[in-house]
Amino acid sequence: YPFVKKSSDIGYCFLKYADYLKIYTEFINHYAGVIECLSENRKNKKFTHFLKEARTNAKMEITSYLIQPVQRIPRYVLLLKELQRYTWPEHHEHDNLVKALAKAEEIATHVNERKRQIENMTKTLEVQSNITGTFDSLIKPDRKMIREDVLIKVSSGMFSSMKRKERVMFLFSDLLLWTTTAYQFRGKMSLAAAHAEVSKKIDLGLEISSSKELCLLVFESKAQMESWIADFKAGKEYAKKVRKRLMEVRKRTIDSKRGKAHTLVMEAFKTLEKDRSSAGSNENLENLSTHASETGGEISHSV
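Residues numbered from 1 in each chain as written. Predicted model: local features only at pLDDT ≥ 70, side-chain atom pairs only at ≥ 80, totals over all residues. Heavy atoms only, no water.

1. A look at the environment of E40
Summarising the element assignment, E40 is placed in helix α3 (residues 31–41). Note on E40: relative accessible area 47%, which makes it partly exposed. Separated by 99 residues in the primary sequence, E40 and I139 place their C-alpha atoms 9.7 Å from one another. (Helix = DSSP H or I, 4+ residues; strand = E, 2+ residues; numbered from the N terminus. Buried < 20%, exposed > 50% of the residue type's maximum accessible area, 1.4 Å probe, protein only.)

Next up, the structure:
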C-alpha cells in the first residue's frame, strides 16, 4: 500500500493506522442482514449447488469465512499484548505498543459486544442448514441458541399408550425444536409462555408446557436434566430481557413521534396566529385609509 510508511516499529504502525480498523464495525453492523440474506438464498437450489461445488475447493464453510473479520480485531489485541509483554520498558518501541494496545482495545470493545451475538447467529444458520423439511426460518437477531441434545421424547399414542422416540432437541431462548437423528424436522414449540416441571409420572422426565402444548422429555441422568433446566431458565431470562429492551425501544420511538407531532402542531398554530395578526393589521390599515378618505386627511406609514 503506497500510503503506508515503512517502519520496523510495530506499535507505531498499529497506532498510526488503527482508525482504519473501525471499518470492521461497519461489517459487524450489517452482519445480521448478511446472515438473513444467506439463509433466504439457501432456499434456491442453484445457489445451494454453487455452495456445494465451491466447498470442494475451500477449506471452510462460507459462514466460517464470514465470521473471520469479526475474530480478527481480538487477535490483534492478543498480538499486541504479547509484544508488550516481551518488550522491556526502556525499549524505544514500548510506549507505542502501550498506546497501540489501548487503541486496539477501544475498537475491540465494540466488536466484542456483538461478537457473541454474531457467533450465535452463525451457529443458528448452520443448524438450520442441516435440518430438512418445511419450517419457518430460525434466524432472528434477538434469538439465542442455547444447546443441542439427543433425548427421548415421549408422546401419547392410541389407547393412552406412551411412545418413546429418540429426538435431537434444539433449545433456543424462545423456541424448542426437535428433529429425527437424521435431522428431519418433526416439530417445534414456542417458549414465550412455557414453563418446565419435573415429571411425576416418568423417572428423569421433564414436562415443558404452555397453555396449548406439552412436551415430555426423558434424560439419561439427573445431572443432565438439572443442567438442561438451568439453561432453560437462563434462556427464558434472556428472552425476557430482550422483550423488555424492545418495548423500551418502541416506547422511545412512539414518544419521539409524539414529540415531533406536538412540535408540528405548535408550529402550525404559530403560523396560523401570525397569519391572523397579519390579516388583522391589514384590515386596520384599510379601515384607517377609508376613514382618511372620508375626512380628507392623510395617513403616512412606513414599511
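After that view, the rundown keeps rolling.
2. A look at the side chain of S209
The topology assignment puts S209 in strand β6 (residues 205–209). Once you skip the residues sitting within four places of it in the chain, S209 turns out to touch M189, A193, A194, H195 and L214. (Contact = heavy atoms within 4.5 Å.)

3. Quick word on unusual backbone geometry
Positive phi values are uncommon outside glycine, yet Y183 reaches one of about 65°. Note on Y183: relative accessible area 27%, which makes it partly exposed. Positive phi, close to 55°, is recorded for L204, a residue that is not glycine. As for its placement among the helices and strands, L204 is situated in the loop between β5 (195–198) and β6.

4. Focus: the packing of α3 against helix α5 (residues 62–85)
Across the interface, α3 lies against α5 with an axial gap of 12 Å and an inter-helix angle of 170°. On the basis of the axis angle, α3 is roughly antiparallel to α5. In this structure, α3 contributes Y31, V34 and L38 to the contact, and α5 contributes I62, T63, L66 and I67. Taken together, the residues of the contact of α3 with α5 sort by class into six nonpolar, one polar and no charged. (Axes fitted to C-alpha atoms, helices over the stretch in contact; angles between N-to-C directions. Parallel < 35°, antiparallel > 145°, perpendicular 65-115°, else oblique. Nonpolar A, V, L, I, M, F, W, Y, C, P; charged D, E, K, R; others polar.)

5. Points about α3
Here α3 has its buried residues at Y31, A32, I35, L38 and S39. Seen from one end, α3 has its buried residues packed into an arc of 130°, which puts them on one side. (Arc of directions from axis to C-beta.)

So yeah, pure geometry; function would need other evidence.
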